[in-house]
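# A structural walkthrough
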There are 2 protein chains.
Amino acid sequence: MSEKPTRGSAELDRLDLKILDILQRDNKTPQRTIAEMIHLSAPAVQRRIRRMEEIGVIRANVALVDPARVDRSITLFVEVEMESERAELYDAAKRSFAAAPEVQQCYYVTGEADFILIVIVRAMSDYEALTRRLFFGNNNVKRFRTFVSMERVKVGLSIPLE
Amino acid sequence: MSEKPTRGSAELDRLDLKILDILQRDNKTPQRTIAEMIHLSAPAVQRRIRRMEEIGVIRANVALVDPARVDRSITLFVEVEMESERAELYDAAKRSFAAAPEVQQCYYVTGEADFILIVIVRAMSDYEALTRRLFFGNNNVKRFRTFVSMERVKVGLSIPLE
DNA sequence: GGTGAAATTTAGAACCC
DNA sequence: GGGTTCTAAATTTCACC
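Notes on the structure follow.

Reading the values: rules and limits
Residues numbered from 1 in each chain as written. Chains lettered and ligands numbered in written order. Predicted model: local features only at pLDDT ≥ 70, side-chain atom pairs only at ≥ 80, totals over all residues. Heavy atoms only, no water. Near = heavy atom within 4 Å. Polar contact = N/O pair within 3.5 Å; in protein donor to acceptor, adjacent residues only side chain to side chain. Helix = DSSP H or I, 4+ residues; strand = E, 2+ residues; numbered from the N terminus. Buried < 20%, exposed > 50% of the residue type's maximum accessible area, 1.4 Å probe, protein only. Pairing = 2+ DSSP bridges. 1 Å grid on protein atoms, 1.4 Å probe; cavity = no way out; pocket = protein on both sides within 12 Å on 5 of 7 lines; lining within 4 Å. Points joined across faces, edges and corners; volume = space filled by probe spheres on them. Nonpolar A, V, L, I, M, F, W, Y, C, P; charged D, E, K, R; others polar. Least-squares fit on C-alpha atoms with pLDDT ≥ 70 in both. Contact = heavy atoms within 4.5 Å.

Surveying the vicinity of DNA strand C reveals the residues L40(A), S41(A), P43(A), A44(A), R47(A), R48(A), P30(B), Q31(B), P43(B), Q46(B) and R50(B). Counting only atoms of DNA strand C within 4 Å of the protein, the sugar-phosphate share comes to 55%. S41(A) is positioned with one of its side-chain polar atoms (N or O) 2.7 Å from a phosphate oxygen of DNA strand C. Between DNA strand C and R48(A) there is a distance of 2.7 Å, counted from a phosphate oxygen to a side-chain nitrogen or oxygen. Secondary structure elements with two or more residues in the surface near DNA strand C: α3 (42-54) of chain A together with α3 (42-54) of chain B. With four residues, the top contributor of residues to the surface near DNA strand C is α3(A).

Moving on, we get to the pairing of strand β4 (residues 115-121) of chain A. Residue and element names in this part refer to chain A. With respect to burial, β4 is a largely interior element, seven of its seven residues being buried. Both faces of β4 are covered, namely the face carrying F115, L117, V119 and V121 and the face carrying I116, I118 and I120. Bridge count between strand β3 (residues 103-110) and β4: five bridges; the pairing is antiparallel. Counterpart to C106 in the pairing with β4 is L117.

Glancing now at the layout of surface pockets. Considering only enclosed or pocket space, the second largest pocket measures out at about 340 Å³ in volume. As for the second largest pocket, its lining consists of 27 residues, and the residues nearest its centre are L64(A), V65(A), R152(A), V155(A) and L157(A). For the lining of the second largest pocket, the secondary-structure elements that each account for two or more residues are β1 (58-65), β3 and β4 of chain A together with β1 (58-65) and β3 (103-110) of chain B. Broken down by element, the lining of the second largest pocket gets its largest block of residues, five residues, from β1(B). Residue classes in the lining of the second largest pocket are distributed as 15 nonpolar, 10 polar and two charged.

Our next topic: empty space enclosed by the protein. In the structure shown here, the tally under the stated rule is three cavities of 30 Å³ or more. Counted as a void, the largest cavity has a volume near 220 Å³. L157(A), L64(B), Q104(B), R152(B) and V155(B) are, among the 17 residues lining the largest cavity, the residues nearest its centre. Contributing elements (two or more residues each) for the lining of the largest cavity: β3 of chain A together with β1 and β3 of chain B. When its residues are assigned to classes, the lining of the largest cavity shows nine nonpolar, five polar and three charged. Computed from the structure, the second largest cavity encloses a volume of approximately 50 Å³. Along its surface, the second largest cavity is lined by F77(A), V78(A), E79(A), I116(A), F147(A), F77(B), V78(B), E79(B), I116(B) and F147(B).

Near DNA strand D the following residues occur: P30(A), Q31(A), R32(A), P43(A), Q46(A), R50(A), L40(B), S41(B), P43(B), A44(B), R47(B) and R48(B). When atoms of DNA strand D within 4 Å of the protein are split into backbone and base, the sugar-phosphate part holds 55%. In this structure, Q31(A) approaches DNA strand D through a main-chain N or O atom, which is 3.0 Å from a phosphate oxygen. Here a phosphate oxygen of DNA strand D sits 2.6 Å away from a polar atom, N or O, in the side chain of R48(B). Of all elements in the fold, only α2 (31-38) and α3 of chain A together with α3 of chain B reach the threshold of two or more residues within the surface near DNA strand D. The greatest single-element share of the surface near DNA strand D, amounting to four residues, is contributed by α3(B). Within the surface near DNA strand D, the residues separate by chemical class into five nonpolar, three polar and four charged.

This brings us to the relation of the copies chain A and chain B. When chain A is fitted to chain B, the best match, at an RMSD of 0.2 Å, comes from turning it 180 degrees and sliding it 0.1 Å along the axis. As the rotation angle and translation indicate, the two copies are arranged about a two-fold axis. For chain A, the smallest separation between a C-alpha atom and the rotation axis is recorded for V62(A), amounting to 2.8 Å.

Tracing the backbone through its elements, the reader meets N140(B) in the loop between α5 (124-136) and β5 (141-154). Non-local contacts of N140(B), meaning those with residues more than four positions away in its chain, are made with E81(B), M82(B), E83(B), S84(B) and L89(B).

This is how it looks when you write it as structure tokens:
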């Protein structure tokens, strides 16, 4: 896990965006096929992909798993409001949230809450245990509100590119 | 008296879960390497992956793109509360939310809101335009609250397995 | 950025438990 | 039914222009 030293070469042209658009849908698409789609040669496509991986535009290549099919059917959203705004306490909370495997995503936000967590668990009892650990076990957590997902209307993890 | 093993559907054994655990981190991992890691042969791994793709356990294989690096740096969370609970109106709202490219994820939830949206835009002006389209343009939207992400503390790529 | 050949990976068939 | 060893096809990778 090394930091990326913001190269000046982080610019993406239209062809790079087209490649990303394809890989966001299916990163198993052969470079040859991509090359035909954007009128380039396969090695040129390969070089662009490698560059985007190196500079961190492409964070990872992953398989998306349906939570319901692996017995992790419950998705929850949690708004967390903190008591004190001291940086050390915030950082401690961040670390504890990020360390929990049930916490799939965690964002520090502005608005009527301080953190928004997306939690995936097998059963509500697992969530109850998590709340005791993360929230009731932290004096700096003033309040939290939970929303239980009943339906994933849209799951797209891809970012709209033009 | 024969038991119904419900084979061929969604039964996953420990080896399947181990494979998923690997592919969720890096789906470019060669089958050969996976095979070594879980002490199996490459074709066996290949058959298991193919099966999990066919029955929908693996939803897709994608590249994860850093929004900030493609000039889509603003992530927003929106709680939407509806006026009427009529199914037709809900479905219409679902469709309009899902159809918007800026809406990366949409969930139907229980709690003090009806929908939670995760929105990614280039600039706040894009979000303002989106609110006019989706919320102010829909009489059935009673209220919505927006949270602006200031930091991605944890970016959930994978579902915790095991 | 393009062209070609080599190396790696994936896909498939035959066989065994 | 699932696993293993083999071979063939496809893809990625790396020389070079």
